[in-house]
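Structural characterization, general
For reference, the chains in residue letters:
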Amino acid sequence: MSSATPTPQLVDVVHVDDDGQTENVISDGSSKRGSTRKLRSIVWDHFEKKIINGEQKAVCNHCNSKLVSRQNDGTKHLHDHMKSCFMKKQKDINHYMTKLNTVKDDKGHSKVESFVFDQDVTRKTIARAIVKHEYPLSIVDHEGFREILSSFNPMWKHVSQNTIKKEILDLYENEKAKNLNALASNQSRLAITTDMWTADTQTKGYMAVTGHFIDDSWTLRSLVLRFQHVKGSHTGLKLCDTLFNCLMDLHLEHKVSSVTVDNCSANDRMMEYLLIKLNKDDLILRGQLFHIRCCAHILNLIVKEGMTVISDGIAKIRESVVFWTGSCKRKEKFEEFASRSNVKYDKQLVLDCPTRWNSIYLMISSALQYKNIFLRLKDIDGQYKCCPSEEDWQFAIILEENLKSFYDVTELFSGTKYPTTNVFLQHVCEIKLSLQDWLLSPCDRIQHMAQLMLLKFDKYWQDMSGILGVACIFDPRYKKKFIEYYFSMVYGGVKELYVGKVVILCRELVEEYQLKFSPTVYCFDYTVVADELDSYLDEKVIPRMEDFNILSWWKTNANRYSTLARIARDILAIPITTVAFESAFSTGGRVVSPHRLKSEGISQFATFLEEEQEEQDEQEVPEYPFYSPPMFLTRFAIYLLPTLTTWDKPGLVKTIAYIRQPTTLA
């Protein structure tokens, strides 16, 4: 019986000649260019057949390894190579990573996990975006918004306003529970700041209560504890009851270190009543450091006192700014003339505001930059008749130099991410010395202004010097020598008296903390108390560095100075201001407007929603005025103009990124 001759299998190989040229050939050796045929084994997805120096090889596409590939060798050794090929494994990992969801935990560490769309997570993310950026609740009903979400993920089911409202209230309860747990587990004292806000659309006042503390990892933290409507007149007793009830509800009456408030008479009465209600044995030094006056507000009052005598001196500058910013045509003319005069127009002219003293500084600073432009335009434009005289410009230069120190200090002390109590003394003393130098100014206006400002400064200095001196002692860069240096310039020959008061205050603090936390050691070895403080003060001060982290230093040295570390942890958490940077320059009160809810977040928004629900239970009312649709028309013109900055909002981007995953946003 004759057997049939098997048909040879055509194999696509690459022939490599000595000169580097390649050609497609088949296994029977015939030269048939362009003939191709894929093999059946999956290994050929990762290998390519080549004839190298007359010998047939299988070349790995990942690592370029060359393995034998004769007709009778099979593919087992190729499968083994696929399992051990490092480059293939690396490419597989990279490919898999592109399908993972990258998220961040509470500590900011990135981690990856498999992505599964979750309707609940998306709904919570939208709720957070609404709170964070003050979007109206009705956004979830907007047709354009729904189309966007559906296009990102068809699995998304649209929700109603009531659902989002409930989600926001749930977020508030969750955040409240987290805050309570953080406060309960915190081992240090809590510093309180409180301030009153007024709603500009209603005759209502709200008390904002914020807690500040340094946690076990020596990180400064701030939590909004309450944003509560205060009914009736805001008397000292009423404010005291509101704040005291807040402390009692959160079980903080035994952990409060201080309360920082503005310098109004109602707050003074509130603090007096609060000291009566609280147990003084629970307070630091029985309440000696309990009442902290807002230093930003004090600086505001000092500058405001001086502003009353300089209005005439800057009248011409103000009129000039009004003239050249009064119309678009004049603005363009001013900019064009500055450009032709080779003056860089990188700072716009600023008109001062009666309730923001820093606007006077900014107005003068911007006008001085274009002094020569004003003088030249005086000769060109016949309508411009209010150009300042040389005397006005000289007064403006002196005034700018004097106000700059106040501006810089206020900006520095409005920080919330770092302790400020320990750095305040130096700048306050420098301000006091500057005011004393102003008394020697040849300008009568400056002398008069300095006299008024010094009177206001001395009125509040005694209230600030105690806590500021203690905080300065607990800064390893300053200690006692730093206080002696500045007090010698402020108090002169009686400096030892005031330095001694600060040191005595520190010793009393050490004794109190030693008795509270180590009563056995205190009772049987009093020298431990003195030795720890004296040892710390006798050590050389560390060099001053711009990036010095005082909290990290005390964390590292807590074992050496256990009692001092406890004190530093409580003292450095005390804020010296109740307002943020943008409010520190204002002589007006805090106003709750449609654009002033950003920093208060979930707590405030939830409070408003709760009040709205109570009012709706009594009678039907329109949508809450803080979130009326007109204020969002420009923001959500994005539906028609995708180049608007709404896409840069972190909350909206986060929402879109979650729904759209795993696709990356452009």
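Residues numbered from 1 in each chain as written. Predicted model: local features only at pLDDT ≥ 70, side-chain atom pairs only at ≥ 80, totals over all residues. Heavy atoms only, no water.

Going by an unreviewed UniProt entry, the protein carries the name BED-type domain-containing protein and comes from Citrus sinensis.

**Concerning the overall build of the protein**
Note the threshold: Helix numbering and strand numbering both begin at the N terminus, where a helix is a DSSP run of H or I of at least 4 residues and a strand a DSSP run of E of at least 2. Whether a residue is buried, partly exposed or exposed follows from its accessible area with a 1.4 Å probe, protein chains only, as a fraction of its type maximum: under 20%, in between, or over 50%, in that order. By definition in these notes, contact holds between two residues if any of their heavy atoms fall within 4.5 Å. Calculation of accessible area relied on Shrake-Rupley with a 1.4 Å probe; when residues are assessed, cover is drawn exclusively from the protein chains displayed.
Assigned secondary structure in the protein consists of 24 helices and 13 strands. Split into buried and exposed, the 666 residues of the protein put 47% on the buried side. In the protein, 66% of the contacts between residues at least 6 apart in sequence involve partners at least 24 apart. For the protein, the computed accessible surface area is about 35300 Å², with 52% contributed by carbon and sulfur atoms.

**A closer look at the pairing of strand β9 (residues 205-214)**
On a regular strand, each side chain points to the face opposite its neighbour's, so the side chains alternate between the two faces of the sheet. Note the threshold: Strands are treated as partners if at least two bridges between them are detected by DSSP.
In terms of burial, β9 is a largely internal element, ten of the ten residues being buried. Bridge count between β9 and strand β10 (residues 220-230): ten bridges; the pairing is antiparallel. The partner of His 212 across the bridge, within β10, is Ser 222.

**Focus on the environment of Asp 216**
The line we're drawing: We define a polar contact as two N or O atoms separated by no more than 3.5 Å, with the added condition that, inside protein, one atom must be a possible hydrogen donor and the other a possible acceptor, whereas residues neighbouring each other in sequence contribute only through side-chain atom pairs.
In this fold, Asp 216 is placed in the loop between β9 and β10. Separated by 31 residues in the primary sequence, Asp 216 and Ser 185 have C-alpha atoms spaced 9.1 Å apart. Apart from the residues lying within four places of it in its own chain, the contact partners of Asp 216 are Ser 185, Gln 187 and Arg 569. Within the structure, the side chain of Asp 216 is placed 2.7 Å from the side chain of Arg 569, a separation counted as a polar contact.

**Structural notes on the pattern of salt bridges**
We apply this condition: Each reported salt bridge corresponds to a side-chain nitrogen of Lys or Arg within 4 Å of a carboxyl oxygen of Asp or Glu.
In total, this model carries 21 salt bridges according to the counting rule given. Ionic pairing is found between Asp 80 and Lys 76, a salt bridge with its closest N-O pair at 3.3 Å. Taken together, the positions of Asp 80 and Lys 76, both in helix α1 (residues 76-84) and four residues apart, correspond to about one turn of that helix. A salt bridge links Glu 175 to Arg 128, with the nearest nitrogen and oxygen atoms 3.0 Å apart. Linking Glu 175 in helix α5 (residues 161-185) with Arg 128 in helix α3 (residues 119-133), this pair joins segments that are 47 residues apart in sequence. Using a relative accessible area of 23% as the deciding quantity, one classes Glu 175 as partly exposed. Among the charged side chains, a salt-bridge network with shared partners connects Asp 120, Arg 123, Lys 124 and Glu 167.

**Re the confidence of the model for the protein**
Worth spelling out the cut-off: What pLDDT expresses is the predictor's confidence in each residue, scored from 0 to 100.
When the pLDDT values of the protein are averaged, the result is 75; 72% of them are 70 or greater. Across residues 617-649 the pLDDT falls below 50, and counting only partners more than four positions away or on other chains, this stretch makes 59 contacts in the model. Counting interchain partners and residues more than four positions distant, the pLDDT-below-50 stretch residues 655-666 has 24 contacts.

**Details of the nonpolar core**
Defined as follows: Grouping buried Ala, Val, Leu, Ile, Met, Phe, Trp, Tyr and Cys residues that are joined through side-chain atoms within 4.5 Å yields what is termed a nonpolar core.
Core analysis: the largest hydrophobic core is formed by 104 residues, its most contacted members being Phe 374, Phe 406, Met 449, Trp 461, Phe 474 and Trp 554. The element contributing the most residues to this core is helix α15 (residues 444-473), with 15 residues. In terms of nonpolar packing, the next biggest core, distinct from the first, is built from 29 residues, Leu 239, Leu 243, Leu 247 and Phe 290 among them.

**As for the pairing of strand β11 (residues 256-261)**
Of all six residues making up β11, six are buried, and the element is well covered by its neighbours. Both β11 and strand β12 (residues 291-293) contribute to a ladder of three bridges, which runs parallel. For Val 261, the partnering residue across the bridge sits in β12 and is Arg 293.

**Describing the side chain of Lys 479**
Going by this rule: Just so you know, the count uses Lys and Arg for positive and Asp and Glu for negative, and it drops His and the chain ends.
Within the secondary structure, Lys 479 is located in helix α16 (residues 479-491). Buried charge Lys 479 goes without a salt bridge, the closest partner of opposite sign being Glu 539 at 4.3 Å. One polar contact links the side chain of Lys 479 to the main-chain carbonyl oxygen of Tyr 536, over a distance of 2.7 Å. Once residues lying within four places of it in the same chain are set aside, the contact partners of Lys 479 are Cys 472, Ile 473, Tyr 536, Leu 537, Glu 539, Lys 540 and Val 541.

**A short note on the packing of helix α17 (residues 495-517) against helix α21 (residues 562-571)**
Which entries qualify depends on this criterion: What counts as an axis is a line fitted to C-alpha atoms, over the stretch in contact for a helix, and the angles between N-to-C directions run from 0 to 180 degrees. In these notes the angle categories are as follows: under 35 degrees is roughly parallel, over 145 is roughly antiparallel, 65 to 115 is roughly perpendicular, and the rest is oblique.
Running from N to C, α17 and α21 point in directions that differ by 110°, and their axes come no closer than 9 Å. Here α17 lies roughly perpendicular to α21, going by the angle between them. Judged by residue contacts, Leu 509, Val 510, Tyr 513, Gln 514 and Phe 517 of α17 engage Thr 563, Leu 564, Arg 566, Ile 567 and Asp 570 from α21.

**Structural notes on the environment of Gln 436**
Tracing the chain through its elements places Gln 436 in helix α14 (residues 421-438). With relative accessibility at 28%, the residue Gln 436 sits in the partly exposed group. Residues Gln 436 and Ala 450 lie 14 residues apart in sequence; the distance between their C-alpha atoms is 7.3 Å. Leaving out residues up to four positions away in the same chain, Gln 436 has contacts with Leu 454 and Met 489.

**Comments concerning a nonpolar patch on the surface**
Our working rule: Candidate patch residues must exceed 30% relative accessible area and have no salt bridge, after which like charges are joined if within 9 Å and Val, Leu, Ile, Met, Phe, Trp or Tyr side chains if within 5 Å.
On the surface, Leu 237, Tyr 273 and Ile 276 cluster together into a nonpolar patch covering about 310 Å² of accessible area. By the secondary structure assignment, Tyr 273 is in helix α7 (residues 265-277). Residue classification places Tyr 273 among the partly exposed residues on the basis of a relative accessible area of 35%.

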